[in-house]
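# A structural walkthrough
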Amino acid sequence: MEVTPLLPEGRQVVQSYRDDGFTIAGERHQGSVLVLPDRTIAWPVTRFDEVTEEALEPLLSAPQPPEVLVLGSGSGFRMIDPRLRQRLRARGVVVECMATPAACRTFNVLLVEDRKVAAALITIGS
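Residues numbered from 1 in each chain as written. Predicted model: local features only at pLDDT ≥ 70, side-chain atom pairs only at ≥ 80, totals over all residues. Heavy atoms only, no water.

### Comments concerning the overall build of the chain
Cut-off, in case you're wondering: What counts as a helix is a DSSP run of H or I of at least four residues, what counts as a strand is a run of E of at least two, and both are numbered from the N terminus. Both definitions apply: the radius of gyration is a C-alpha atom measure, and the globule rule equals 2.2 Å times residues to the power 0.38. The rule is simple: take the accessible area with a 1.4 Å probe, protein chains only, and divide by the maximum for that residue type; under 20% is buried, over 50% is exposed, in between is partly exposed. The contact criterion used throughout is that any non-hydrogen atoms of two residues lie within 4.5 Å. Charge convention: Lys and Arg are scored as positive, Asp and Glu as negative, and His as well as the terminal groups of each chain are ignored. In this description, the location of a charge corresponds to atom NZ of lysine, CZ of arginine, CG of aspartate or CD of glutamate.
Of regular secondary structure, the chain possesses three helices and eight strands. The order of helices and strands in the chain, counted from the N terminus, is β-β-β-β-β-α-β-α-β-α-β. Radius of gyration (C-alpha) of the chain: 14 Å, near the 14 Å computed for a compact globule of 126 residues. Taking the principal axes of the C-alpha coordinates as reference, the chain spans close to 45 × 30 × 25 Å. Burial analysis of the chain (126 residues in total) assigns 44% to the buried set. Look at the contacts in the chain between residues 6 or more apart in sequence, and 63% of them connect residues 24 or more apart. Across the chain, the centroid of the 14 positively charged side chains sits 4 Å from that of the 16 negatively charged ones.

Next up, the structure:
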């Protein structure tokens, strides 16, 4: 029995992460990234304290904005400011914070489930 999920062509599955970047859908990305189901965008954020509503705007203003944002906080777990969480919630986005390795796995699972998900991934070397 085949248990490998079938993904539509072009889905941005996170295949690996390293200290300095990610491999997503077969393409190597240096530095932090924003990942939507259909594309990956370079993200100039290098530290968790740089995560702001403005920094997340490329995801929030996407033609199909996410309902769930998986935020990879680097090598360790960090929580976003409750005021930012509330502002994102007011825009219809639930934020799940976790260390970047867990965020990569969680994004992939939600992607396979065809959820409206995006990921904001800070490199683990940051």
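More follows now that the structure is in view.
### Some words on the sheet that holds strand E3 (residues 27–30)
We count it as follows: Any two strands with at least two DSSP-identified bridges between them are counted as paired. Angles run from 0 to 180 degrees between N-to-C directions of axes, and those axes are lines fitted to C-alpha atoms, restricted for helices to the stretch in contact.
The three strands are arranged E1-E2-E3 in an open sheet whose pairing can be described as antiparallel. The open sheet has two edge strands, strand E1 (14–18) and E3, and neither has a second partner. Here the average twist between neighbouring strands, direction ignored, is 20 degrees. The pairing of E1 with strand E2 (residues 21–24) spans four bridges and is antiparallel. Directly across from Arg-18, in E2, lies its bridge partner Gly-21. Each of E1 and E2 touches helix H3 (residues 100–112); the most contacted strand, E1, lies at about 175 degrees to it.

### Focus on the side chain of Thr-40
By secondary structure assignment, the location of Thr-40 is in strand E5 (residues 39–42). Aside from chain neighbours lying at most four places away, what touches Thr-40 is Gln-12, Ile-24, His-29, Val-33, Leu-34 and Val-35.

### Side note on the environment of Pro-66
Inspection of the secondary structure puts Pro-66 in the loop between helix H1 (57–60) and strand E6 (68–72). For the pair formed by Pro-66 and Arg-115, sequence separation is 49 residues and the distance between their alpha carbons is 8.4 Å. Residues within four places of Pro-66 in sequence aside, it is in contact with Leu-59, Gly-92, Val-93, Lys-116, Val-117 and Ala-118.

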